[in-house]
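Now for the letters of each chain:
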Amino acid sequence: MSDNLSANESEVINGTLTAEGHRLLARVYYADTDFSGVVYHARYLEFLERGRTDFLRLKGVHHTALEEGQLGEPIVWIVRRMEIDFRLPARIDDMLVIETSVTEASGARVTMQQRIQRQNGDVLIEARVEAALINKQGRPRRMPAAWKELFTA
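The structure contained in this document is the topic of the report that follows. All figures in this text were calculated on a predicted structure; none of them were measured in a lab. (Residues numbered from 1 in each chain as written. Predicted model: local features only at pLDDT ≥ 70, side-chain atom pairs only at ≥ 80, totals over all residues. Heavy atoms only, no water.)

### Topic: a nonpolar patch on the surface
Keep this limit in mind: Residues with no salt bridge and a relative accessible area higher than 30% make up the patches, which join like charges within 9 Å and nonpolar side chains (Val, Leu, Ile, Met, Phe, Trp, Tyr) within 5 Å. Working definition of accessibility: Shrake-Rupley area with a 1.4 Å probe, residue cover restricted to the visible protein chains. Only one rule defines a salt bridge in this text: a Lys or Arg side-chain nitrogen within 4 Å of an Asp or Glu carboxyl oxygen. Helix and strand assignments follow DSSP, with helices taken as H or I runs no shorter than four residues and strands as E runs no shorter than two, numbered in order from the N terminus.
Taken together, the side chains of Leu5, Val12 and Ile13 make up a nonpolar region of the molecular surface, amounting to roughly 280 Å² of accessible area. Tracing the backbone through its elements, the reader meets valine 12 in helix H1 (residues 7–14).

### Thoughts on the sheet that holds strand E5 (residues 109–118)
Which entries qualify depends on this criterion: Should DSSP find at least two bridges between two strands, the strands are taken to pair. Whether two residues are in contact is decided by their heavy atoms: any pair within 4.5 Å suffices. Under this scheme, a helix contributes an axis fitted over its contacting stretch, all axes are lines through C-alpha atoms, and angles between N-to-C directions fall in the 0 to 180 degree range.
Read across the open sheet, the six strands follow the order E1-E2-E4-E5-E6-E3; overall the sheet is antiparallel. Each edge of the open sheet carries a strand with a single partner, namely strand E1 (16–17) and strand E3 (75–86). When E5 meets strand E6 (residues 123–135), the two strands line up antiparallel, connected through nine bridges. The partner of arginine 109 across the bridge, within E6, is alanine 132. Sheet strands touched by helix H2 (residues 43–58): E1, strand E2 (22–27), E3, strand E4 (95–106), E5 and E6. Its angle to E2, the strand with the most contacts, is close to 140°.

### Comments concerning the side chain of glutamate 126
Our working definition: Think of a polar contact as two N or O atoms within 3.5 Å of one another; within protein, one of them needs to be a possible hydrogen donor and the other a possible acceptor, and neighboring residues in sequence only count if both atoms come from side chains.
With respect to the element layout, glutamate 126 can be found in strand E6. Looking at glutamate 126, its side chain comes within polar contact range of the side chain of arginine 87, at 2.7 Å. For glutamate 126, the residues in contact, after removing those within four places along its chain, are Glu83, Ile84, Asp85, Arg87, Gln114 and Arg115.

### As for the environment of arginine 80
Residue position: arginine 80 is located in strand E3. Between the alpha carbons of arginine 80 and serine 6 there is a distance of 34 Å; along the sequence they are 74 residues apart. Look past the residues within four positions of arginine 80 in its chain and what remains in contact with it is Arg109, Glu130 and Ala131.

Structure representation (structure tokens):
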């Protein structure tokens, strides 16, 4: 699947693969903040989701292709478990760096370590996310064996 983007456009939209995993930039907008002017805690989940999704996309794993049955039947990713440590607040106009790396991949599950920080290096959020593959009936489905190496390479 191709987004038909130039290399520069792809980096802006999808982020970049790094030796550790993936790096994505995002700006904090007014809509991301609550009445106090800081990012509302649930919005961090959306930033983390963007990081995971774009990491997978750059690795060649596309949500739409999986849902269309690329692996033999329609399957989807779900978040099975998430642990988040909130360290510092983000504020409007902050430029965030969302980093994603795989710490374990086996069977139907992938465990990812994620971090959101300001461009100056201040760590705002650290998260551990376990995602799993399921079919439309909610039954776990194993990932292709090649994905383990793909995710950890």
